[in-house]
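Coordinate analysis (summary)
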Amino acid sequence: MSAIKTIDTNPFAGQKPGTSGLRKKVAEFTQPHYLENFVQAIFNMLGDCRGKRLAVGGDGRYYNREAIQIIARMAAANGFGKLLIGRGGIFSTPAMSCVIRKYGTDGGIILSASHNPGGPNADFGVKFNGANGGPAPEAVTEAIYRQTLSIEQYLTLDTGDMDLDRVGRCELGGMEIEIIDPVTDYADLMASIFDFEKISQLLTNRRFHMCFDAMHAVTGPYAKAILEERLGAEPGTVINGAPDESFGGGHPDPNLVHARELVDRMNGDAPLAFGAASDGDGDRNMVLGSGFYINPCDSLAVLAANAGLVPAYHESLAGVARSMPTSRALDRVAQFLEIPCYETPVGWKFFGNLMDADKITICGEESFGTGSNHVREKDGLWAVLFWLNIIVESRKPARSIVREHWQRFGRDYFTRHDFEGLDAGRTGEMIGRLRDRVSGLVGRQAGELSIQAADDFAYTDPVDGGVSEEQGVRIFFNDGSRAVFRLSGTGTANATLRLYCDKYETDPALLGLDTQRMLAQTLQAAGEVAGIAEFTGRTAPDVIT
Ligand code: G1P
Ligand code: ZN
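Residues numbered from 1 in each chain as written. Chains lettered and ligands numbered in written order. Predicted model: local features only at pLDDT ≥ 70, side-chain atom pairs only at ≥ 80, totals over all residues. Heavy atoms only, no water.

**So, the overall build of the protein chain**
For the record, the criterion: The way it works is that DSSP assigns letters per residue, a run of H or I at least four long becomes a helix, a run of E at least two long becomes a strand, and they are numbered from the N terminus. The globule rule is 2.2 Å times the number of residues to the power 0.38, and the radius of gyration it is compared with is taken over C-alpha atoms. Whether a residue is buried, partly exposed or exposed follows from its accessible area with a 1.4 Å probe, protein chains only, as a fraction of its type maximum: under 20%, in between, or over 50%, in that order. Two residues qualify as a contact provided that any one of their heavy atoms is within 4.5 Å of a heavy atom in the partner residue.
Along its length, the protein chain carries 18 helices and 27 strands. The globule rule puts the C-alpha radius of gyration for 545 residues at 24 Å, and the 23 Å found for the protein chain is close to it. Projecting the C-alpha coordinates of the protein chain onto the three principal axes gives extents of approximately 75 × 60 × 40 Å. For the protein chain, with 545 residues in total, the buried portion stands at 59%. A separation of at least 24 residues holds for 73% of the contacts in the protein chain among residues at least 6 apart in sequence.

Written out as structure tokens, the structure is:
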């Protein structure tokens, strides 16, 4: 048996998990003891690790493999009983959630910085998921953070690297390691949810052409196995399908700006019928119809409204949930279905409790995240298959499905403006000032609008009673529109301000108009109230979604 080494270390400042785990530049993560401290903090939070089982894998970005070797040695030294590792060190985030649940492990460690770029000069991240397969709730991430502040030692083994590329079992310092195929369990789960036979008929129909852009990230192997191999879509349906440590030098974020190649195929003279893309770790999705962008808030509402067409959701939905800044399109569906609709802070971790308590079946966020209780993470490919299942059952193109949805429920125009790379101090001041003044804003005029209500969103978890405060400043205007301000919790450099605006419209003549034009007044009023230009020096956002 290899000797256990106890390594002395000192705490690093700033190992506080954000919206989705700990994310830092690779250079920060790879400095001596940095990753080790955080991993030991997770283990310390877990308490007695002897005999515990963990799943480990990541999105394949730069430093993924090295990190897995480090974690495996540390897990063995800490007395874990078993690690389940995806072949090649790969697990998409939803596949990790699936594996934790299917094999009943005590949790999992995901190596990913999601949609942030990868490579030696880009980002890396570590997320801890619990035994329910979901992101650790705030109480747990806080406990991990506290451990990072007082850490003095970590345990590891004096051994070389193991072979991550061969499926099978081996042993490391008395701990069992099982390398499994990262795709099979997830693909089987998808087949149990959707009508694969019908989707296959659609995908093998010569008149239906689709494209899935894996953005050189983790969903390549998943999408190829499911769409092309199991469902028979023509080879080449999946583009950018070979995972790359630097995501081909791109930004693996599925939006109109970064999924350029896909967007081009969906427009022009011979647009495809359906298009989709996923992000670095496979939990986000963007879906497109022919020459038609489907906003994630609308996508979520459409999935909920049409859930009856999908075998797994045929019966009924227990309830639905959305993050606070996500448009209220989902609420209208919930009202129609007479089921509860929960409004949670930003971040998937808040949905876990609701799903575990059977309060919700489907949930999502405006940030290209949709999912259900089949796992405890958002799930990009799941959303794509859901759409395909709806398209085949309703015999309508995606664009018509959305337009008919608007006719029936009205349309919630929605946009998000991101101001990136801002000075953290000044931006923090701006949000602080807004927060301090929030109750006094009611009745005030802002641009063409007046403010009817305003608050700083706080959430009380209906299951465990946990309270999360300061989750975003909301301003409701007299024309029914809403603006939300919050700072990103996933960035690795400077501050990112997110401004979300939405407005409800029911007039049939006003349902197909330009989003930015429809929200211009709200955006202008919001910018004025917060003093965006004054505090950030910016007159326009860097990214609009
Ligand atoms: C962003 C999104 C949020 C999502 C998270 C992880 O967090 O806004 O909805 O859950 O990424 O994918 P933010 O950077 O806004 O804190
Ligand atoms: Zn992601």
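**With respect to the layout of surface pockets**
Where we set the bar: Buriedness for pockets is judged along seven lines, at least five of which must meet protein on both sides within 12 Å for an open set on the 1 Å grid over protein atoms alone, while cavities are sets there where a 1.4 Å probe fits but cannot get out, and lining residues have an atom within 4 Å of a point. Grid points are joined across faces, edges and corners, and a volume is the space filled by probe spheres set on the points. When residues are sorted by character, Ala, Val, Leu, Ile, Met, Phe, Trp, Tyr, Cys and Pro go into the nonpolar class, Asp, Glu, Lys and Arg into the charged class, and all the rest, Gly among them, into the polar class.
Reported here for the largest pocket is a volume of approximately 920 Å³. Lining the largest pocket are 35 residues, and of these P17, G18, T19, S488 and G489 lie nearest its centre. Looking at the lining of the largest pocket, the elements with two or more residues in it are β2 (22-25), α5 (138-150), α15 (424-437), β25 (482-487) and β26 (495-505). Per-element tally for the lining of the largest pocket: the top contributor is α5, with four residues. Residue composition of the lining of the largest pocket, grouped by class: 10 nonpolar, 15 polar and 10 charged.

**What to know about the site of ligand 1**
Worth spelling out the cut-off: Note on definitions. A residue lies near a molecule or strand when any single heavy atom of the residue is within 4 Å of it. Polar contacts, as used here, are pairs of N or O atoms within 3.5 Å; protein pairs need one atom able to donate a hydrogen and one able to accept it. Residues neighboring in sequence count only if both atoms are side-chain atoms. Here the open area of atoms and residues is found with the Shrake-Rupley method and a 1.4 Å probe, where only the protein chains shown may cover a residue. Whether a molecule lies in a cavity or pocket depends on its atoms, and more than half of them have to be within 2 Å of the grid points.
T19, S367, G489, T490 and R498 are the nearest of the 14 residues found near ligand 1. Between S488 and ligand 1, the recorded distance is 2.6 Å, taken from a side-chain N or O atom to an oxygen atom. Contact distances for ligand 1 include 2.6 Å between an oxygen atom and a backbone N or O atom of G489. A total of 380 Å² of accessible area belongs to ligand 1 in isolation, and the protein chains cover 98% of it. Of all the cavities here, the one that holds ligand 1 is the largest cavity. Split into classes, the residues belonging to the shell around ligand 1 amount to one nonpolar, seven polar and six charged.

**Comments concerning the coordination of the zinc ion (ligand 2)**
Filter applied, for reference: Water is not part of the atom set, so a site may look incomplete; the donors themselves are N, O and S atoms within 2.8 Å of the metal, or 3.2 Å for Na, K and Ca. Think of it this way: with four donors and all angles in the 85 to 135 degree range, the site is tetrahedral; with four or six donors, opposite ones beyond 155 degrees and the rest between 65 and 115, it is square planar or octahedral; otherwise it is irregular.
Distances from the zinc ion (ligand 2) to its protein donors, S114 (OG), D279 (OD), D281 (OD) and D283 (OD), fall at 2.0 to 2.1 Å. One way to put it: the four donor atoms around the zinc ion (ligand 2) meet at angles of 86 to 161°, and that makes the site irregular. The sequence pattern formed by the donor residues of the zinc ion (ligand 2) is S-x164-D-x1-D-x1-D. D281 carries the same exposure label as D279, and that label is buried.

**A short note on empty space enclosed by the protein**
Applying the stated rule across the entire model yields two cavities of 30 Å³ or more. There is about 270 Å³ of room inside the largest cavity. Around the largest cavity sit 25 residues that line it, and T19, S20, R284, K378 and T490 are the ones nearest its centre. Partitioning the lining of the largest cavity into residue classes produces four nonpolar, nine polar and 12 charged. When its volume is computed, the second largest cavity comes out at roughly 110 Å³. In terms of lining, the second largest cavity is formed by 15 residues, of which the most central are G21, K127, F128, A136 and T141. At the level of elements, β6 (123-129) and α5 are the ones that each hand at least two residues to the lining of the second largest cavity. With four residues, the single largest contributor to the lining of the second largest cavity is β6. For the lining of the second largest cavity, the class distribution of residues is seven nonpolar, six polar and two charged.

**Quick look at the pairing of strand β15 (residues 320-323)**
The condition is simple: In short, DSSP must find at least two bridges between two strands for them to pair. We call a crossover right-handed when, viewed with both strands directed away from the observer, the connection leading from the first strand over the helix to the second proceeds clockwise.
The alternating pattern of β15 places V320 and R322 and A321 and S323 on opposite faces, both of which are buried. Where β15 meets strand β16 (residues 341-344), four bridges bridge the pair, whose relative direction is parallel. From the neighbouring strand, V320 faces β16, where its bridge partner is C341. A crossover links β15 with its parallel partner β16, the connecting element being helix α11 (residues 329-337), and its sense is right-handed. Where β15 meets strand β17 (residues 362-365), three bridges bridge the pair, whose relative direction is parallel. Bridged to A321 within β17 is C363.

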